[in-house]
Amino acid sequence: VLDQPGHSAQYSPTGHLVFTRRSTLLAVPFDLRRLEIRGEPVAIADGLRCEDGYSPAGFILSRDGTLAHLPGGIVAERRRLIVVDGRGRVSEWSAERAFYHARVYSDPGGGRIAFSLTNARGIDEIWISERGKPSAQRVVAVPGADCGALAWSPDGKQIAFARTGGDENDGVYLQPLDGEGPPRRICKETPPTFISQLSWSPDGRLIAYGTGRTIG
């Protein structure tokens with residue numbers, strides 16, 4: 001185990017470990033016989049392509065030291081939300097650009113959406129955006145645990161979400177949107193089980209959810 005934050009590490013024939021931190025490529029001298037880092041890492045390239053807010057950039061390093069990678073930087077930070085009507089006409093939800101995931105969840109009235117955003121530490125938080133407003137508002141953030149698999153209550157006053165931190169606090173939670181108190185757990189899940197999706201019944205009485213198991 002090397003105490004060096006980074007991802008996608010590969011050994012270079014020049015005697016270095018080459019790895020990435022987000023969109024930056026770094027190299028650090030490495031003693032292959034002792035399996036020890038010698039010195040401090042140095043950035044050797046920037047602007048490698050990152051597809052989302054939590055995955056590091058990738059690259060390929062050949063045996064002779066030739067490096068190949070995709071350019072583009074952190075492209076996910078420039079994502080925007082749009083609305084497409086029944087006739088295929090496109091309009092902008094808001095001017096904000098952020099690390100939006102693949103799914104957003106509309107409230108019953110259609111004027112707000114909830115979604116997960118990945119923060120700088122790679123943890124998913126829950127945010128709400130109102131159409132036409134310049135910025136979204138964070139409503140749930142749990143240190144060290146991802147929050148996702150969202151579902152609106154039928155009256156639009158609460159959000160159900162899954163907390164996944166790999167500990168005894170995991171499960172399904174309810175978050176009031178009026179600012180009255182912290183999230184309240186209504187169902188417990190024990191790791192390595194995780195919650196993959198949520199659905200709230202129209203009468204507000206039931207919440208269904210799907211589960212899976214972490215492999216490895």
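Preceding this paragraph is the structure being described.
Residues numbered from 1 in each chain as written. Predicted model: local features only at pLDDT ≥ 70, side-chain atom pairs only at ≥ 80, totals over all residues. Heavy atoms only, no water.

1. Describing the overall build of the protein
Per the secondary structure count, the protein includes zero helices and 19 strands. Relative to its length of 216 residues, the protein is extended, with a C-alpha radius of gyration of 21 Å against a globular reference of 17 Å. Overall, the C-alpha framework of the protein stretches about 65 × 45 × 25 Å when taken along its three principal axes. For the protein, the exposed surface amounts to about 13000 Å²; the carbon and sulfur share of it is 50%. Separation of charge centres in the protein, based on 26 positive and 25 negative side chains, amounts to 3 Å. (Helix = DSSP H or I, 4+ residues; strand = E, 2+ residues; numbered from the N terminus. Rg over C-alpha atoms; globule rule 2.2 N^0.38 Å. Areas by Shrake-Rupley, 256 points an atom, 1.4 Å probe, with all protein chains shown as cover. Lys, Arg positive; Asp, Glu negative; His and termini not counted. Charge placed at Lys NZ, Arg CZ, Asp CG, Glu CD.)

2. Section: the sheet that holds strand β15 (residues 158–164)
The strand order across the open sheet formed by four strands is β14-β15-β16-β17, and the pairing between neighbours is antiparallel. Single-partner strands in this sheet number two, and they are β14 (146–152) and β17 (184–188). Between one strand axis and the next, the sheet turns by 30° as a mean value, whatever way the strands run. In this sheet, β15 lies alongside β14 in antiparallel orientation, the contact comprising five bridges. Pairing of D146 across the sheet is with T164, part of β15. (Pairing = 2+ DSSP bridges. Axes fitted to C-alpha atoms, helices over the stretch in contact; angles between N-to-C directions.)

3. Section: the sheet that holds strand β12 (residues 124–130)
Pairing within the open sheet is antiparallel, and its four strands lie in the order β10-β11-β12-β13. Each edge of the open sheet carries a strand with a single partner, namely β10 (105–106) and β13 (137–140). Where β10 meets strand β11 (residues 112–118), two bridges bridge the pair, whose relative direction is antiparallel. Counted as the bridge partner of Y105 is A114 from β11.

4. Some remarks on a nonpolar patch on the surface
Together, Y11, L32 and L35 give the surface a local cluster of nonpolar side chains, amounting to about 300 Å² of exposed area. Mapping Y11 onto the fold places it in strand β1 (residues 7–12). (Patch = residues over 30% accessible without salt bridge, like charges linked within 9 Å, V, L, I, M, F, W, Y side chains within 5 Å. Salt bridge = Lys/Arg side-chain N within 4 Å of Asp/Glu carboxyl O.)

5. Re the side chain of T20
By the secondary structure assignment, T20 is in strand β2 (residues 16–21). The contact partners of T20, leaving out residues within four places of it in the chain, are G6, H7, S8, L25, L26, L48, P56, A57 and F59. (Contact = heavy atoms within 4.5 Å.)

6. Quick notes on the packing of aromatic side chains
Considering all chains together, one arrives at two aromatic pairs under this definition. Judged by centre distance (6.3 Å) and plane angle (70°), the ring pair of Y11 and F30 falls under edge-to-face. On the criterion of sequence distance, the pair formed by Y11 in strand β1 and F30 in strand β3 (residues 24–31) is long-range, its members being 19 residues apart. Each ring, one from F161 and one from Y173, has its centre 5.7 Å from the other, and the planes form 15°; the classification is stacked. You can see F161 sitting in strand β15 and its partner Y173 sitting in strand β16 (residues 171–176), a full 12 residues away along the chain. Here F161 falls in the buried class, since its relative accessible area comes to 1%. (Phe/Tyr/Trp six-rings, centres within 6.5 Å; stacked < 30°, edge-to-face > 60°. Buried < 20%, exposed > 50% of the residue type's maximum accessible area, 1.4 Å probe, protein only.)

7. Section: the pattern of salt bridges
Counting across every chain of the model gives 11 salt bridges. We note a salt bridge from R97 to E92, for which the minimum N-O separation is 3.4 Å. Its relative accessible area of 39% is what places R97 among the partly exposed residues. Ionic pairing is found between R138 and E125, a salt bridge with its closest N-O pair at 3.2 Å. With R138 in strand β13 and E125 in strand β12, this pair connects stretches of sequence that are 13 residues apart.

8. Focus: the nonpolar core
Membership of the largest hydrophobic core comes to 19 residues, with the highest contact counts inside it found for V18, F59, Y100, F115 and L117. Among the elements of the structure, β3 and β11 are those that each provide at least two residues to this core. At three residues, β11 tops the list of elements feeding residues into this core. Those residues in contact with F59 that lie beyond four places of it in its chain are S8, Q10, V18, F19, T20, L25, L48, L67, A68 and H69. Membership of the second largest hydrophobic core comes to 12 residues, among which are A114, V140, C147 and F161. (Core = buried A, V, L, I, M, F, W, Y, C linked by side-chain atoms within 4.5 Å.)

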